[in-house]
Amino acid sequence: MENLQVRRVAILGFGTVGKGVYKVIRKQQEEFPYIIGAELEIAKILVRNKAKYSQEVEETILTDTWAEIIADDSIDIIIEVMGGIEPARTYILEALRAGKHVVTANKDLVAQHGHELLDTASQNNCDLLFEASVAGGIPIIRPLKQCLAANTITEVIGIINGTTNFILTKMSQEGMEFQDALALATELGYAEADPTADIEGYDAGRKIAIMASIAFHSRVTFSDVFTEGISKITAKDIRYAHEMDYEIKLLGIACNTPEGIEVRVHPTFIPKNHPLAAVSDSFNAVFVHGDALDDAMFYGRGAGELPTASAVVGDVIDIARNMQNICTGRIGCTCYKSLPIKPMAEVKSSYYLRMQLEDKPGTLSALAGVFGENKVSIFKLVQKTRDNDTAEVVIITAPVKEKRIQEAIKTFSQMEIIRKISSVMRVYD
Ligand code: NAP
Ligand code: HSE
């Protein structure tokens with residue numbers, strides 16, 4: 001093909017994802033004229049320290065100066081894969097105001113400032129795409145925005161953090177305790193040096209906020225998301241879950257209810273026959289319910305160099321096609337509603353409780369009395385062990401508002417016959 005237009009891109013950041021993007025673009029170089037109708041060229045790569053990367057990439061395209069990129073009118077598309085809020089936010093806003101299109105994998109930024117970025121893109125007739133920001137290589141943003149646009153979506157539930165799913169899989173399949181499974185995840189490179197964002201559910205919280213906004217057409221930010229992590233789960237809880245035909249998974253759950261949007265991340269008992277229960281190791285999956293679609297599940301690699309680059313370069317191709325067809329800015333922010341966020345206290349769920357009780361007559365009736373006073377109905381109660389004068393019981397409740405179970409737990413913690421509340425987890429039903 002001769003006289004093809006060249007679409008020039010700049011990559012900001014050359015870490016795991018940046019390197020993957022570089023590799024995928026280079027590998028597919030000869031396909032782009034056919035896929036896009038134009039050549040795709042890496043014009044610049046922004047890094048902090050050029051010397052660090054000079055062995056891996058041509059020195060001519062490395063730069064440590066953002067001004068060089070923003071001032072270059074021949075650069076059409078900015079690929080932000082640096083991470084963090086600043087300077088990523090400022091660079092993206094400057095790029096959009098300069099008429100450059102943007103692809104980002106930055107969930108922290110999109111979950112906090114997505115609206116501002118999308119508004120700026122729209123004001124400048126630019127595309128801002130962020131497929132890789134949720135579930136890495138799995139297509140989910142585009143399906144929610146485009147393929148499922150004919151649906152009223154009421155539920156999005158996901159295993160959207162690979163590190164915690166790997167840890168829970170090791171605990172479930174090999175009986176490991178949390179700390180040992182975390183150490184293994186670190187050794188194998190799944191968990192970062194500081195794994196707090198993964199373990200405490202913040203990473204999943206950002207991803208569910210992004211999906212909830214798109215699925216329900218109403219702005220949801222990370223600060224709206226209730227988060228609870230996995231560090232208190234024990235091998236014993238997992239064993240008991242198995243005995244009752246459940247798996248324990250860290251789920252991101254978003255539901256559109258008549259009283260408002262529920263959006264939360266927490267460890268959850270999920271029935272073994274639910275498709276999400278079978279998602280193991282570092283894999284991710286997102287389960288969606290739409291009124292026309294019914295149920296669908298999207299499954300695959302939620303992170304990693306090439307899976308994430310697959311999503312990023314897919315977005316770049318989409319933009320380059322839009323440029324060829326002079327239709328950029330076609331799909332911007334889809335939040336045209338302003339729905340309330342339901343307070344966590346009002347969210348209904350069933351609960352699993354593991355408690356250590358004084359083993360004497362009347363204990364169970366006192367326990368049942370507290371549940372009754374708080375309108376908590378017991379679905380199942382099993383005494384698991386008896387050690388001297390302490391009995392361990394496991395309880396599954398019927399669905400009840402969070403505030404009621406919390407009131408019951410507060411009362412239990414003041415009762416002498418309740419020696420310890422070892423675990424409390426929500427049950428998906
Ligand atoms: P990473 O390995 O830490 O790489 C970040 C890169 O950006 C590094 O090269 C870093 O340079 C560079 N950088 C940071 N601040 C910069 C600045 N101010 N100017 C120039 N360069 C800067 O991170 P990553 O894993 O590739 O993640 C990148 C983004 O993708 C994040 O938003 C992340 O949430 C998202 N994401 C990652 C994955 C994944 O599997 N890793 C999956 C989905 C989404 P230095 O070498 O100087 O630090
Ligand atoms: N830390 C994330 C995970 C990958 O473990 O899934 C980046 O989104």
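Structural notes, computed from the coordinates.

1. Quick look at the layout of surface pockets
Roughly 1500 Å³ of internal volume is contained in the largest pocket. Along its surface, the largest pocket is lined by 46 residues, and Thr16, Val17, Met82, Lys107 and Glu192 are the ones closest to its centre. Where the lining of the largest pocket is concerned, the elements lending two or more residues are helix 1 (16–28), helix 3 (50–53), helix 6 (107–123), helix 8 (162–174), helix 10 (196–199) and helix 11 (202–216). Among the elements that line the lining of the largest pocket, the one with the most residues is helix 11, at three residues. In terms of residue class, the lining of the largest pocket is made up of 15 nonpolar, 18 polar and 13 charged. Both domain 1 (6–137 + 305–324) and domain 2 (141–301) contribute no fewer than three residues apiece to the lining of the largest pocket. Computed from the structure, the second largest pocket encloses a volume of approximately 310 Å³. Together, 17 residues line the second largest pocket, and Glu228, Lys232, Ser423, Val424 and Met425 are the ones closest to its centre. Within the residue set of the lining of the second largest pocket, elements represented by two or more residues are helix 15 (402–412) and strand 17 (418–427). If you tally residues by element for the lining of the second largest pocket, the top one is strand 17, at six residues. Residue classes in the lining of the second largest pocket are distributed as seven nonpolar, five polar and five charged. Split by domain, the lining of the second largest pocket shows at least three residues from each of two domains, domain 2 (141–301) and domain 3 (346–427).

2. Examining the packing of aromatic side chains
Scanning the entire structure with this criterion turns up nine aromatic pairs. Ring geometry for Phe14 against Tyr53: centres 5.6 Å apart, planes inclined by 85 degrees, an arrangement best described as edge-to-face. Placement of Phe14 in the loop between strand 1 (6–12) and helix 1 and of Tyr53 in helix 3 is noted, with a sequence separation of 39 residues between them. Since its relative accessible area comes to 11%, Tyr53 is described here as buried. Between Arg206 and the ring centre of Phe222, over which it is positioned, the NZ or CZ distance is 4.6 Å.

Conventions we followed
- Residues numbered from 1 in each chain as written.
- Chains lettered and ligands numbered in written order.
- Predicted model: local features only at pLDDT ≥ 70, side-chain atom pairs only at ≥ 80, totals over all residues.
- Heavy atoms only, no water.
- 1 Å grid on protein atoms, 1.4 Å probe; cavity = no way out; pocket = protein on both sides within 12 Å on 5 of 7 lines; lining within 4 Å.
- Points joined across faces, edges and corners; volume = space filled by probe spheres on them.
- Helix = DSSP H or I, 4+ residues; strand = E, 2+ residues; numbered from the N terminus.
- Nonpolar A, V, L, I, M, F, W, Y, C, P; charged D, E, K, R; others polar.
- Domains from an automatic or database assignment.
- Phe/Tyr/Trp six-rings, centres within 6.5 Å; stacked < 30°, edge-to-face > 60°.
- Buried < 20%, exposed > 50% of the residue type's maximum accessible area, 1.4 Å probe, protein only.
- Lys NZ or Arg CZ within 6 Å of the ring centre and 35° of its normal.

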